[in-house]
Amino acid sequence: MKKKKLASAFLSLSLAAGVLAGCSGSGSSEKSSGDGDTIKIGVNLELSGGVASYGQSIAEGLELATAEINKEGIDGKKIKLIKVDNKSEASEATSGAIKLTSQDQVAAIVGAATSTNSIAQVQIAQDNKVPVISPSGTSPEITFSKDKLNDYVFRTSFIDPFQGTVAANFAAKEIKAKSAAIYIDSSSDYSKGLAAAFKEQFEKNGGKVVAEEAYIAKDTDFRSTLTRLKSAKPDFIFLPGYYEEAGLIVKQARETGLDVPFMGGDGWDSPKLVEIAGAKALNNTFITNHYSSGDPDEKIQNFVSAFKAKYKDKSPDAFNALGYDTGYFLADAIKRAGSADSEKIKEALEKTADLELVTGTFTLDEKHNPIKSATILEFKEGKQVFNTKINP
């Protein structure tokens, strides 16, 4: 399939030049999603609460993309972001989606960051026929559940089975682990999904899972469980949780003398992880992620430069990149739809193919999941270091 190229240093500012062309709508049947010179896009993110780091990072990336896109508005039209804070709670994510669709009448919604909060919006999207794009929700059930496609729901990230499979292959082939322990957050769909995929693939590779333990989000003392894991003598521990608990677990593991490699998913990716765990404790730990700011790819380095220019030399993390990519993913669909009508945008999103973005070149599959690469990062003295890139 011939690849669609984004022409500019910032992922096609030529796209930005034409992104809103024809978006005024041409029929009375189209839902109002603007106020004459704007296209209203809802943003339903975790801007406060337990995983606020994710939502705030996505918002930063999305705002950068929107600023670039709006430099070249067509016919006076620009994207207007309408934000709601879901406070890292599923009930608030549902309430936010109701507000954005019924009161604000947005053309589409970006969010949420986590799988649970994204799933909380699915029925609202379906009932109101407003497309929702989760930048970083990795549970397969966001877009496809109970053997049915949620046809108004999309994502920018890869899904849990892919991420868990990549981690298992890395453990077996690069770490040479023969045995592994799995330590999950039993209250998280995200954590359970990664763990299931990891276990299946690790055992397919000939490895043995020698211990499985669980904790619950907001737990703070993991020492007794870590002692049990240590007694199982695994070569490797898979810890697919979020940064708040993962940081404490790694810190306490090292304090108990558990020095084997740990690996997590993109849920570890927060600057706060190093603050919680400590730089030294994170040595010999790895994560699967969506991109690395250290990747020499030109598209990535152009994004890094633009982000640093806007955010006072801050280095962008994967959630920044996913927020940025989601902005361009949606803009590309609006351009191809030739309209700001929600149903036409949905149809254009479904046809996305070979779109080159910062976190990879992807084509949407039949379950609205992008087929794209994954990056392996290693922590060295508190810094994320690019290890390798795994293609689908």
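The structure this text deals with has already been given above.
In this text, all values refer to a predicted model and were calculated from it rather than measured experimentally.

Draft legend 1. Spotlight on the side chain of Asn-150. Relative to the helices and strands, Asn-150 resides in the loop between strand E6 (148-149) and strand E7 (153-155). Contacts of Asn-150, omitting those with residues within four sequence positions, involve Val-122, Gln-126, Glu-141, Ile-142, Thr-143, Phe-144, Ser-145 and His-368.

Draft legend 2. Highlighting the sheet that holds strand E15 (residues 370-371). Spatially, the three strands line up as an open sheet ordered E13-E14-E15, and their pairing is antiparallel. Edge strands, defined here as strands with exactly one partner in the open sheet, are strand E13 (355-357) and E15. Across three bridges, the pairing between E13 and strand E14 (residues 360-364) is antiparallel. Note that in E14 the partner of Glu-356 across the bridge is Thr-361. Docked against the sheet, helix H12 (residues 318-337) engages E13 and E14, running at close to 155 degrees with respect to E13.

Draft legend 3. Up close: empty space enclosed by the protein. Taken as a whole, this structure holds two cavities of 30 Å³ or more when the rule is applied. Taken as a whole, the largest cavity encloses approximately 50 Å³ of empty space. If you go around the largest cavity, the residues you meet are Tyr-54, Ala-113, Thr-114, Ser-115, Ser-136, Tyr-190, Tyr-242, Asp-266, Gly-267 and Phe-319. Across the lining of the largest cavity, the residue classes break down as five nonpolar, four polar and one charged.

Draft legend 4. Quick peek at the layout of surface pockets. The space that makes up the largest pocket amounts to roughly 440 Å³. Taken together, 19 residues line the largest pocket, and the ones lying closest to its centre are Asp-269, Pro-271, Ser-315, Asp-317 and Gln-384. Of all elements in the fold, only helix H10 (271-277), H12, strand E16 (374-380) and strand E17 (383-390) reach the threshold of two or more residues within the lining of the largest pocket. Taken together, the residues of the lining of the largest pocket break down into seven nonpolar, eight polar and four charged. Of the volumes computed, that of the second largest pocket is approximately 380 Å³. If you trace the second largest pocket, you find 16 residues lining it, with Val-51, Ser-88, Ala-217, Lys-218 and Tyr-242 closest to the centre. If you list the elements that add at least two residues to the lining of the second largest pocket, you get helix H4 (115-119) and helix H9 (243-255). Along the lines of polarity and charge, the residues of the lining of the second largest pocket split into four nonpolar, seven polar and five charged.

Draft legend 5. Representation of the nonpolar core in the model. In terms of nonpolar packing, the biggest core is built from 93 residues, with Phe-198, Leu-239, Phe-262, Trp-268 and Phe-303 touching the most fellow members. Of all the elements, H12 adds the most residues to this core, at 10 residues. What Leu-239 contacts, discounting residues up to four positions off in sequence, is Tyr-183, Tyr-215, Ala-246, Ile-249, Val-250, Phe-262, Met-263, Gly-264 and Trp-268. Ranked by size, the runner-up nonpolar core spans 14 residues in total, among them Ala-97, Leu-100, Val-130 and Val-132.

Draft legend 6. Just the packing of aromatic side chains, in detail. On inspection of all chains with the given rule, the structure shows 19 aromatic pairs. Aromatic side chains Tyr-54 and Phe-319 sit 4.5 Å apart centroid to centroid with 20 degrees between the ring planes, which places their arrangement in the stacked category. Placement of the pair is Tyr-54 in helix H2 (residues 52-70) and Phe-319 in helix H12, with a sequence separation of 265 residues. Overall, the relative accessible area of 1% leaves Tyr-54 in the buried class. Since its relative accessible area comes to 3%, Phe-319 is described here as buried. Ring geometry for Tyr-183 versus Phe-222: centroids 6.4 Å apart, planes at 85 degrees, classification edge-to-face. Separated by 39 residues along the polypeptide, Tyr-183 in strand E8 (residues 179-185) and Phe-222 in the loop between strand E9 (208-215) and helix H8 (223-231) bring together distant segments of the chain. The exposure class of Tyr-183 is buried, given its relative accessible area of 0%. For Phe-222, a relative accessible area of 2% puts it in the buried group. Site record: aromatic cluster; members linked through ring pairs are Tyr-291, Phe-303, Phe-307, Tyr-311, Tyr-324 and Tyr-328.

Cut-offs applied
Residues numbered from 1 in each chain as written. Predicted model: local features only at pLDDT ≥ 70, side-chain atom pairs only at ≥ 80, totals over all residues. Heavy atoms only, no water. Helix = DSSP H or I, 4+ residues; strand = E, 2+ residues; numbered from the N terminus. Contact = heavy atoms within 4.5 Å. Pairing = 2+ DSSP bridges. Axes fitted to C-alpha atoms, helices over the stretch in contact; angles between N-to-C directions. 1 Å grid on protein atoms, 1.4 Å probe; cavity = no way out; pocket = protein on both sides within 12 Å on 5 of 7 lines; lining within 4 Å. Points joined across faces, edges and corners; volume = space filled by probe spheres on them. Nonpolar A, V, L, I, M, F, W, Y, C, P; charged D, E, K, R; others polar. Core = buried A, V, L, I, M, F, W, Y, C linked by side-chain atoms within 4.5 Å. Buried < 20%, exposed > 50% of the residue type's maximum accessible area, 1.4 Å probe, protein only. Phe/Tyr/Trp six-rings, centres within 6.5 Å; stacked < 30°, edge-to-face > 60°.

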